[in-house]
Amino acid sequence: MSTAAIDVSALTKRYARITALDAIDLVVGQGEFFGLLGPNGAGKTTLISIIAGLTRATSGRVRVMGHDVADDYRSARRSLGVVPQELVFDPFFTVREMLRIQSGYFGLTHNDAWIDEIMANLDLVGKAEANMRTLSGGMKRRVLVAQALVHRPPVIVLDEPTAGVDVELRRGLWHFIERLNRDGHTIVLTTHYLEEAQQMCSRIAMLKAGRIVALESTRDLLRRIGGIQVAIRLRGALPPKLRDQVIEEEPERVVLRLSHPRDVGAALQACRDFGSDVEDLEVGPADLEDVFLRVMSENPARSLA
Ligand code: ATP
């Protein structure tokens with residue numbers, strides 16, 4: 001078996017009164033496009049900053065491409081490109097200078113050809129000589145992505161890369177990240193845009209209050225937990241026995257979540273038996289947002305002390 005891109009074992013992080021990560025085990029294989037999802041405060045950023053060697057774990061260990069992030073920090077760090085959530089820059093450098101400085105951290109002195117290629121791919125060429133302070137938030141985020149890539153790391157971790165980025169920029173960014181993944185880079189991503197995660201990630205971990213509460217391929221998550229959605233236009237009331245399955249409700253239209261297509265017939269029959277007419281019906285797969293809400297509601301937050 002090849003070395004895992006990221007191997008997290010029994011990882012715990014405690015702050016004074018909070019257990020931000022509670023004995024997490026997680027293996028991300030090389031070449032995966034992996035999503036790390038969870039509500040605010042679930043522990044995603046803490047996990048990423050331990051993987052990046054920026055925060056020390058309380059216990060447990062993390063390896064990046066086989067290198068322990070604490071004992072073999074330099075090799076682990078070389079294998080990793082991190083796009084942080086927060087936009088922190090020295091405002092007086094130009095984009096090109098920033099990327100050269102970052103290359104210097106990794107001992108790369110003749111890196112201009114690659115810097116040019118990254119800038120071209122991220123549509124930053126026109127801003128190469130612009131000072132960081134003059135860039136818009138979306139452009140700054142592109143520079144963060146560029147910075148993470150200067151040393152051609154095999155593993156790329158992106159913490160909310162599209163926060164505050166407009167639709168067009170977002171599409172361009174995804175296009176590029178997808179290409180990096182096709183070229184063999186492992187991608188680990190956190191995002192609150194579940195639609196994006198559904199589209200991009202082949203496997204997903206859901207975190208809640210420092211614990212992994214779901215870890216599966218995106219397809220299996222959608223199928224196993226999501227089931228199907230049935231939108232029914234109804235003349236009359238919804239039978240009480242279908243109440244538990246309601247996801248959305250408007251006057252005369254209700255969306256139900258059913259486990260399996262074979263349950264549709266029984267749901268329609270229940271409406272008819274109740275004296276309500278089904279005027280229209282639309283059946284479709286559940287989306288990741290439904291799955292996420294369901295997983296979160298089925299796993300109540302535990303006491304974290
Ligand atoms: P978000 O989606 O809002 O970015 P997150 O999933 O990344 O959230 P973390 O930032 O990892 O969550 O935070 C996990 C928990 O650890 C939270 O309860 C947070 O308040 C706490 N925490 C994070 N950093 C510190 C710190 N330096 N000191 C104390 N508590 C912290």
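All values derive from a computational prediction rather than experimental measurement.

## Focus on the overall build of the protein chain
Item 1. When helices and strands are counted, the protein chain shows 10 helices and 14 strands.
Item 2. The C-alpha extent of the protein chain, read off along each of the three principal axes, is 75 × 45 × 40 Å.
Item 3. Evaluated residue by residue, the protein chain yields a buried proportion of 49% over its 305 residues.
Item 4. Partitioning the contacts of the protein chain with sequence separation of at least 6, the portion at a separation of at least 24 is 70%.

## A short note on the sheet that holds strand β1 (residues 6-14)
Through backbone hydrogen bonds, the strands of a sheet pair up, either in parallel or in antiparallel fashion.
Item 1. Read across the sheet, 4 strands follow the order β2-β1-β4-β5 without closing on themselves; strand pairing throughout is antiparallel. Strand pairing shows two members of the sheet lacking a second neighbour, β2 (19-28) and β5 (67-68), which therefore form its edges.
Item 2. Bridge count for strand β4 (residues 59-64) against β5 is 2 bridges, and the pairing is antiparallel. Counterpart to Val64 in the pairing with β5 is His67.
Item 3. With respect to the sheet, helix α1 (residues 44-51) is in contact with β1, β2 and β4, its orientation differing from that of β1 by roughly 120°.

## Overview of the layout of surface pockets
Item 1. Roughly 740 Å³ of internal volume is contained in the largest pocket.
Item 2. The wall of the largest pocket is formed by 25 residues, among which Leu54, Arg77, Val82, Pro84 and Gln102 lie closest to the centre.
Item 3. Of all the secondary-structure elements, those providing two or more residues to the lining of the largest pocket are α1, α2 (73-78), α3 (95-105) and α5 (137-149).
Item 4. Considered class by class, the residues forming the lining of the largest pocket number 13 nonpolar, 7 polar and 5 charged.

## Observations regarding the nonpolar core
Item 1. Counting residues in each nonpolar core, the largest one holds 49 residues, and the members touching the most others are Phe33, Leu37, Leu122, Met206, Leu221, Leu288 and Val291.
Item 2. Element by element, the count of residues in this core is highest for α5, at 7 residues.
Item 3. Beyond its immediate stretch of four places on either side in the chain, Leu221 contacts Ile204, Met206, Ala214, Glu216, Gly226, Leu288 and Val291.
Item 4. Listed in part, the 27 residues of the second largest apolar core include Ile48, Val62, Ala76 and Val157.

## As for the site of the ligand
Item 1. In the vicinity of the ligand lie 13 residues, with Gly41, Gly43, Lys44, Thr45 and Thr46 positioned nearest.
Item 2. At a separation of 2.6 Å, an oxygen atom of the ligand approaches a polar side-chain atom of Thr46.
Item 3. Isolated, the ligand exposes 640 Å² of accessible area, and the fraction of that covered by the protein chains is 62%.
Item 4. The biggest single contributor to the shell around the ligand is α1, with 3 residues.
Item 5. Tallied by class, residues from the shell around the ligand come to 5 nonpolar, 7 polar and 1 charged.

## Some words on the domain arrangement of the protein chain
Item 1. You can read the domains of the protein chain as domain 1 (6-222) and domain 2 (228-285).
Item 2. Placing the centre of domain 1 and that of domain 2 at their C-alpha centroids yields a distance of 42 Å.

## So, α1
Item 1. Counting buried residues in α1 gives 7 out of 8 residues, a clear majority hidden from the surface.
Item 2. When α1 is considered as a whole, its buried residues turn out to be Lys44, Thr46, Leu47, Ile48, Ser49, Ile50 and Ile51.
Item 3. Just downstream of α1, Gly53 is the residue with a positive phi angle, here 75°.

## Focus on the pattern of salt bridges
Item 1. In the structure shown here, the tally under the stated rule is 13 salt bridges.
Item 2. With a shortest N-O distance of 3.7 Å, Arg294 and Glu298 are connected by a salt bridge. In this pair, Arg294 and Glu298 both sit in helix α10 (residues 288-298), 4 residues apart, roughly one turn of the helix.
Item 3. Of the residues examined, Arg294 reaches a relative accessible area of 29% and is grouped as partly exposed.
Item 4. On the basis of relative accessible area, Glu298 is assigned to the partly exposed category, the value being 48%.
Item 5. The structure contains a network of salt bridges with shared partners spanning Arg96, Asp116 and Glu129.

## Overview of the pairing of strand β8 (residues 186-190)
Item 1. Counting buried residues in β8 gives 5 out of 5 residues, a clear majority hidden from the surface.
Item 2. Of the two faces of β8, the one carrying Thr186, Val188 and Thr190 and the one carrying Ile187 and Leu189 are both buried.
Item 3. In the classification by handedness, the crossover that spans strand β7 (residues 155-159), the intervening helix α6 (residues 167-182) and the parallel β8 is right-handed.

Basis of the calculations
- Residues numbered from 1 in each chain as written.
- Predicted model: local features only at pLDDT ≥ 70, side-chain atom pairs only at ≥ 80, totals over all residues.
- Heavy atoms only, no water.
- Helix = DSSP H or I, 4+ residues; strand = E, 2+ residues; numbered from the N terminus.
- Buried < 20%, exposed > 50% of the residue type's maximum accessible area, 1.4 Å probe, protein only.
- Contact = heavy atoms within 4.5 Å.
- Pairing = 2+ DSSP bridges.
- Axes fitted to C-alpha atoms, helices over the stretch in contact; angles between N-to-C directions.
- 1 Å grid on protein atoms, 1.4 Å probe; cavity = no way out; pocket = protein on both sides within 12 Å on 5 of 7 lines; lining within 4 Å.
- Points joined across faces, edges and corners; volume = space filled by probe spheres on them.
- Nonpolar A, V, L, I, M, F, W, Y, C, P; charged D, E, K, R; others polar.
- Core = buried A, V, L, I, M, F, W, Y, C linked by side-chain atoms within 4.5 Å.
- Near = heavy atom within 4 Å.
- Polar contact = N/O pair within 3.5 Å; in protein donor to acceptor, adjacent residues only side chain to side chain.
- Areas by Shrake-Rupley, 256 points an atom, 1.4 Å probe, with all protein chains shown as cover.
- Domains from an automatic or database assignment.
- Salt bridge = Lys/Arg side-chain N within 4 Å of Asp/Glu carboxyl O.
- Right-handed = clockwise from strand over helix to strand, strands pointing away.

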